[in-house]
Amino acid sequence: MLRIIQGELYRIRKNRLFFICLLLSTFFMFAYALTFHYDTVKAAGPQGNIPSLNGFSEFLFSDYSLLIPITIFQLVYSTEDYQKGVHEVLFAKGISRIDFFFGKLFALWTALIFYLIFSFFMAYIFIFLIWIKQPYIEVSFIKIIGYLVLQILCFVGYSSFLWLLSCLIPYRNIVLVVVFFLLGTLYLYLTRISGALDLEYSFYKYWIVGLSDEMGIDVYMNQLPTILITDAVYIFFPVGAAYWIFQKANLRKHESR
């Protein structure tokens, strides 16, 4: 499996789309920093709010800007092997299905974590450069680090869900349309349903993207069991279902030869 992970990480490093996603994320982080600074300091005038890294950290997940680049990359990359028949070549060389499946998945998770850490780094660089003349910045580094770790887990859960859809629908254009349709539909309907029922804990938070979007730094410790359970479900269940689908699909191909 280690050889597969190393090989996949090498392919990701050489993949132009991955670097385009990093550049796009850098642009989004710059836009986030400017927008947050204007909304919290400039727009409020002389009596404006104290610059807050806690608030900026939550603001990074206020929409789908971080999500979209890595979603496109993973779906394109995950379905590439089916189109080129890479997995069949590796199987012929003696690579087992389980090594291929989990090797590629772990490589994608590694790329995702690198993408997020890179994005966080650029975001804080930009906001510190903008706030360089600010006399005081309210900050709680321990809370911010814990918050970002939980956000990474949310994104890993989301990545697992994308992996399941890629195994279920191994056709690039179709799976891209399905995923972005789901993102829009679930956001609109789950938030609307929760609002109509006046729920204290929104249905939207049970969808992994909603959990990330609505997670608060000051309250996440109180919600930690629910967050961890939700993350675990979105990591382990989709991976298990994807592996079952992957095994069955390849067994049918093997039997038809």
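These figures come from a predicted structure and were not determined experimentally.

### What about the overall build of the protein?
Part 1: Tallying secondary structure elements over the protein gives 10 helices and 0 strands in all.
Part 2: Scored against the burial criterion, the 257 residues of the protein give a buried share of 46%.
Part 3: Carbon and sulfur atoms provide 68% of the accessible area of the protein, an area that totals close to 13,700 Å².

### Observations concerning the nonpolar core
Part 1: Counting 76 residues, the largest nonpolar core has Phe56, Leu60, Phe101, Phe120, Tyr124 and Trp207 as its most contacted members.
Part 2: Setting aside anything within four residues of it in sequence, one finds leucine 60 in contact with Met29, Tyr32, Leu66, Phe120, Ala123 and Tyr124.

### Things to note about helix H7 (residues 141-168)
Part 1: Taking 1.5 Å per residue, 28 residues should reach 40 Å; H7 reaches 40 Å between its end C-alpha atoms and fits that length.
Part 2: Within H7, 20 of the 28 residues are buried, which leaves it mostly tucked inside the rest of the structure.

### Some words on helix H8 (residues 172-197)
Part 1: In this model, H8 (26 residues) spans 37 Å end to end at C-alpha, consistent with the 38 Å of a helix rising 1.5 Å per residue.
Part 2: A positive backbone phi angle near 55 degrees is found at aspartate 198, which sits one or two residues after H8.

### Thoughts on the pattern of salt bridges
Part 1: Tallied over the entire structure, the rule returns 4 salt bridges.
Part 2: Of the charged contacts, one joins glutamate 8 and lysine 104 as a salt bridge, the two residues approaching to 3.1 Å between their closest N and O atoms. Highlighted residues: glutamate 8 in helix H1 (residues 2-13) and lysine 104 in helix H6 (residues 97-130), separated in sequence by 96 residues. Of the two residues examined, glutamate 8 and lysine 104, each falls in the buried class.
Part 3: Note that glutamate 80 and arginine 11 form a salt bridge whose closest N and O atoms lie 3.1 Å from each other. Highlighted residues: glutamate 80 in helix H4 (residues 67-84) and arginine 11 in helix H1, separated in sequence by 69 residues.

### Topic: the side chain of threonine 79
Part 1: Along the polypeptide, threonine 79 turns up in helix H4.
Part 2: Residue threonine 79 is classed as buried on the basis of its relative accessible area, which comes to 0%.
Part 3: In terms of polar contacts, threonine 79 uses its side chain to reach the backbone carbonyl oxygen of leucine 75, at 2.8 Å.
Part 4: Sequence-distant contacts of threonine 79, defined by excluding residues within four places in its chain, comprise Ser166, Ile169, Pro170, Tyr171, Arg172 and Val175.

### Quick notes on a nonpolar patch on the surface
Part 1: Together, Tyr187, Leu188, Tyr189, Ile193, Leu197, Leu199, Phe203 and Tyr206 make up a nonpolar patch on the protein surface, roughly 770 Å² of accessible area in all.
Part 2: Mapping tyrosine 206 onto the fold places it in the loop between H8 and helix H9 (208-214).
Part 3: Residue tyrosine 206 is classed as partly exposed on the basis of its relative accessible area of 45%.

### With respect to the side chain of glutamine 74
Part 1: Of note, glutamine 74 is situated in helix H4.
Part 2: Looking at glutamine 74, its side chain comes within polar contact range of the side chain of serine 159, at 2.7 Å.
Part 3: If near-sequence neighbours (up to four positions away) are discounted, glutamine 74 is found in contact with Leu108, Ser159, Leu162 and Trp163.

### Looking at the confidence of the model for the protein
Part 1: Chain-level pLDDT for the protein is 85 on average; 88% of the residues reach the 70-or-more range.
Part 2: The low-confidence segment residues 251-257 (pLDDT under 50) makes 6 contacts with residues lying over four places distant or belonging to another chain.

### A short note on the packing of aromatic side chains
Part 1: Applying the stated criterion across every chain, the model contains 26 aromatic pairs.
Part 2: Plain terms: the ring middles of phenylalanine 27 and phenylalanine 28 are 6.0 Å apart, the flat faces sit at 50 degrees to each other, and that makes the pair tilted.
Part 3: The class of phenylalanine 27 is exposed, set by a relative accessible area of 51%.
Part 4: Taken together, the ring pairs connect Phe100, Phe101, Phe102, Phe106, Trp109, Trp163, Tyr243 and Phe246 into an aromatic cluster.

### Quick notes on the packing of H6 against H7
Part 1: Look at H6 against H7: their axes get within 10 Å of each other, and the N-to-C directions meet at 140 degrees. Between H6 and H7, the angle is such that the two are oblique. Considering only the axes of H6 and H7, their crossing is right-handed. Counting all contacts with H6, which are made through Phe101, Lys104, Leu105, Leu108, Trp109, Leu112, Ile113, Leu116, Phe120 and Tyr124, the residues of H7 involved are Ile144, Leu148, Ile152, Phe155, Val156, Ser159, Ser160, Trp163 and Cys167.

### Remarks on the packing of H1 against H6
For any two helices packed against each other, one specifies the crossing angle of their axes together with the interaxial distance.
Part 1: For the pair H1 and H6, interaxial distance at closest approach is 8 Å and the crossing angle is 45 degrees. Comparing the axis directions of H1 and H6 gives the class oblique. Crossing handedness for the pair H1 and H6: right-handed. Between H1 and H6, the contacting residues are Ile4, Ile5, Glu8, Leu9, Arg11 and Ile12 on the first element and Asp99, Phe100, Gly103, Lys104, Phe106, Ala107, Thr110 and Ala111 on the second.
Part 2: Grouping the constituent residues of the contact of H1 with H6 by class yields 8 nonpolar, 2 polar and 4 charged.

About the criteria used
Residues numbered from 1 in each chain as written. Predicted model: local features only at pLDDT ≥ 70, side-chain atom pairs only at ≥ 80, totals over all residues. Heavy atoms only, no water. Helix = DSSP H or I, 4+ residues; strand = E, 2+ residues; numbered from the N terminus. Buried < 20%, exposed > 50% of the residue type's maximum accessible area, 1.4 Å probe, protein only. Areas by Shrake-Rupley, 256 points an atom, 1.4 Å probe, with all protein chains shown as cover. Core = buried A, V, L, I, M, F, W, Y, C linked by side-chain atoms within 4.5 Å. Contact = heavy atoms within 4.5 Å. Expected span 1.5 Å × (residues − 1). Salt bridge = Lys/Arg side-chain N within 4 Å of Asp/Glu carboxyl O. Polar contact = N/O pair within 3.5 Å; in protein donor to acceptor, adjacent residues only side chain to side chain. Patch = residues over 30% accessible without salt bridge, like charges linked within 9 Å, V, L, I, M, F, W, Y side chains within 5 Å. pLDDT = per-residue confidence, 0-100. Phe/Tyr/Trp six-rings, centres within 6.5 Å; stacked < 30°, edge-to-face > 60°. Axes fitted to C-alpha atoms, helices over the stretch in contact; angles between N-to-C directions. Parallel < 35°, antiparallel > 145°, perpendicular 65-115°, else oblique. Left-handed = near helix turned anticlockwise from the far one by under 90°. Nonpolar A, V, L, I, M, F, W, Y, C, P; charged D, E, K, R; others polar.

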